[in-house]
Amino acid sequence: IREVKKSTADEDEIIRTTDDKLFLLSEIEVFGDRKWSVAGEGTQYAYYKNGNSAVKYLDGFPTYWWERSTISVSSFAMVNDDGEASNATANYPCGVSFAFCF
């Protein structure tokens, strides 16, 4: 696993760059466009661009999962159980799906 630079907007829409080995995907990295997030959080990964589903499963059932894109001080982008872009407040129970590069 190698370290990569990841850009993330904070609640004031200021882009910050960090060096990460494990990270959550941003909305644009999954969907290729923005519904809830701001510009500058990367580009769509080939895996999703090639038509692979964003649905993640827990115990055999589709589940919601968080993305790193910030919506407000207490809300974040996420992927719903249909694999579509959504958002919720931070106290909503969602899974996480860490990503990495090698």
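Now for a description of the structure that goes with this document.

About the thresholds
- Residues numbered from 1 in each chain as written.
- Predicted model: local features only at pLDDT ≥ 70, side-chain atom pairs only at ≥ 80, totals over all residues.
- Heavy atoms only, no water.
- Pairing = 2+ DSSP bridges.
- Helix = DSSP H or I, 4+ residues; strand = E, 2+ residues; numbered from the N terminus.
- Axes fitted to C-alpha atoms, helices over the stretch in contact; angles between N-to-C directions.
- Phe/Tyr/Trp six-rings, centres within 6.5 Å; stacked < 30°, edge-to-face > 60°.
- Buried < 20%, exposed > 50% of the residue type's maximum accessible area, 1.4 Å probe, protein only.
- Lys NZ or Arg CZ within 6 Å of the ring centre and 35° of its normal.

What to know about the sheet that holds strand β5 (residues 65–70)
Right, on to step 1. A sheet is described by the order of its strands in space; here three strands give the open sequence β5-β6-β7, paired in antiparallel fashion. Sheet topology places β5 and β7 (85–89) at the edges, where each strand pairs with a single neighbour. Recorded for the sheet is a direction-independent mean angle of 40° between the axes of neighbouring strands.
Right, on to step 2. In this structure, strand β6 (residues 75–79) lies alongside β7, joined through five bridges in antiparallel fashion. Bridge assignment links methionine 78 to a residue of β7, and that residue is serine 86.

Here's the deal with the packing of aromatic side chains
The relative placement of two aromatic rings is captured by the distance of their centres and the angle of their planes.
Right, on to step 1. On inspection of all chains with the given rule, the structure shows four aromatic pairs.
Right, on to step 2. Ring centres 6.2 Å apart and planes at 80° place the aromatic pair tryptophan 66 and phenylalanine 76 in the edge-to-face group. Taken as a pair, tryptophan 66 in strand β5 and phenylalanine 76 in strand β6 lie far apart in primary sequence, ten residues in all.
Right, on to step 3. The buried category is assigned to tryptophan 66, whose relative accessible area is 11%.
Right, on to step 4. Accessibility expressed as a relative area gives 25% for phenylalanine 76, which makes it partly exposed.
Right, on to step 5. The ring of tryptophan 65 has lysine 56 lying over it, and the distance from NZ or CZ to the ring centre is 5.1 Å.

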